[in-house]
Amino acid sequence: MIQIQNTIVSLEILEKEFCCDLDTCKGCCCIEGDAGAPLTHEEDAKLHELLPLLLPDMTPEARLAVEQGGVSYLDKDGELVTQIVNGRDCVFSRTDHNGWCYCLIERLHNAGKTDWKKPISCHLYPIRVKDFPARGQAEAFSALEYHRWDVCHCARKLGHKLHLPIYQFLKEPLIRRFGQEWYDELCLTAAEWRKQCNQPQ
């Protein structure tokens, strides 16, 4: 683990390689699993705000799920996550006739209808962030870990082929979440660490 400002970062984020291979997986991370995508309370409010724009393109099952259970719910760990359909599909996902899954929130963003791209937990995957509040004299901090998922085998394979570390693949969302100064410091630390380990830059 390394410390960057008020975060603790797993070394795996510096050493493991990853690059989404959508031609192979077709975005199945939006419709696999047994819970929705983690949300902040601010993101939950944003989903409520965007819901009128999202509803027309949602499936009938997704609209019913939102009508009955809301845009989000608390998972088994008590964390706020996006609502799902059939125990797995995010209500804000759609699958086209070729089997490609896409995010309705991101499609709104790409159409210029919102400046919000999607939940940061989706944007940052395969990094998972756990926030720890201040306690006593200890300051608040965040822990970043690499989350492995079987459906992302093709992404690990492509990342290895391209020699693309996770932190470089996720440059945009990392800057979005932690800022440019934080990311620049992470890159400097990663370069020094790679020198010590004799790994390619």
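In this text the structure is predicted, and so the values were computed from the model without any measurement. (Residues numbered from 1 in each chain as written. Predicted model: local features only at pLDDT ≥ 70, side-chain atom pairs only at ≥ 80, totals over all residues. Heavy atoms only, no water.)

Engineer: Help me understand the environment of Ile127 in this model?
Structural biologist: Assignment of secondary structure puts Ile127 in strand β9 (residues 127-132). Here Ile127 falls in the buried class, since its relative accessible area comes to 2%. Spatially, the C-alpha atom of Ile127 lies 4.8 Å from that of Tyr146, the residues being 19 residues apart in sequence. Sequence-distant contacts of Ile127, that is, excluding residues within four places in its chain, are made with Ile13, Leu144, Glu145, Ile166, Leu170 and Leu174. (Helix = DSSP H or I, 4+ residues; strand = E, 2+ residues; numbered from the N terminus. Buried < 20%, exposed > 50% of the residue type's maximum accessible area, 1.4 Å probe, protein only. Contact = heavy atoms within 4.5 Å.)

Engineer: Would you mind going over the nonpolar core with me for this structure?
Structural biologist: Where a protein is soluble and globular, its nonpolar side chains tend to be buried together. Val9, Ile13, Leu144, Tyr167, Leu174, Trp182 and Leu186 are the most contacted members of the largest nonpolar core, which totals 24 residues. At the level of elements, β1 (2-4), α1 (12-15), α6 (120-124), β10 (141-146), α8 (166-169), α9 (171-178) and α10 (180-197) are the ones that each hand at least two residues to this core. A total of five residues in this core trace back to one element, the largest contributor, which is α10. Contact partners of Leu144, with chain neighbours within four places excluded, come to Thr7, Ile8, Val9, Ser10, Ile13, Ile127, Arg128, Val129, Leu174, Phe178 and Trp182. Grouped together as the second largest cluster of nonpolar side chains are 20 residues, Leu51, Leu54, Ala65 and Val71 included. (Core = buried A, V, L, I, M, F, W, Y, C linked by side-chain atoms within 4.5 Å.)

Engineer: Which parts of the structure should I look at to understand helix α3 (residues 41-54)?
Structural biologist: Every α-helical turn comprises 3.6 residues, leaving residues that sit three or four positions apart pointing alike. Between its terminal C-alpha atoms α3 stretches 19 Å, which fits the 20 Å expected from 14 residues at 1.5 Å a residue. At His48, α3 shows its maximal kink, close to 35°; a proline, Pro52, follows between one and four residues later. Within the span of α3, buried status applies to Glu43, Asp44, Leu47, Leu50, Leu51 and Leu54. In this fold, the buried residues of α3 make contact with α4 (60-69), β3 (72-74), β4 (80-82), α5 (104-110), α6 and α9. (Expected span 1.5 Å × (residues − 1). Bend = angle between axes of the 7 residues up to and from the residue.)

Engineer: Just checking my understanding: could you explain the confidence of the model for the protein for this structure?
Structural biologist: Detailed reading of the predicted coordinates is not advisable wherever pLDDT is low. Looking at the protein as a whole, its pLDDT mean stands at 89, while 95% of the residues score no less than 70. Averaged pLDDT values over the elements of the protein bottom out at 77 in helix α2 (residues 22-25) and peak at 96 in α9. (pLDDT = per-residue confidence, 0-100.)

Engineer: Would you take a moment to explain the pattern of salt bridges for this structure?
Structural biologist: Charged atoms that come close allow side chains of opposite charge to pair. Across all of its chains, the model carries 10 salt bridges by this definition. A salt bridge links Arg107 to Asp57; the nearest nitrogen and oxygen atoms lie 3.2 Å apart. Placement of Arg107 in helix α5 and of Asp57 in the loop between α3 and α4 is noted, with a sequence separation of 50 residues between them. Classification of Arg107 by relative accessible area gives partly exposed; the value is 38%. Ionic pairing is found between Glu106 and Lys117, a salt bridge with its closest N-O pair at 4.0 Å. With a gap of 11 residues between them, Glu106 in helix α5 and Lys117 in the loop between α5 and α6 connect regions that are remote in the sequence. Lys117 sits in the buried class, given a relative accessible area of 18%. (Salt bridge = Lys/Arg side-chain N within 4 Å of Asp/Glu carboxyl O.)

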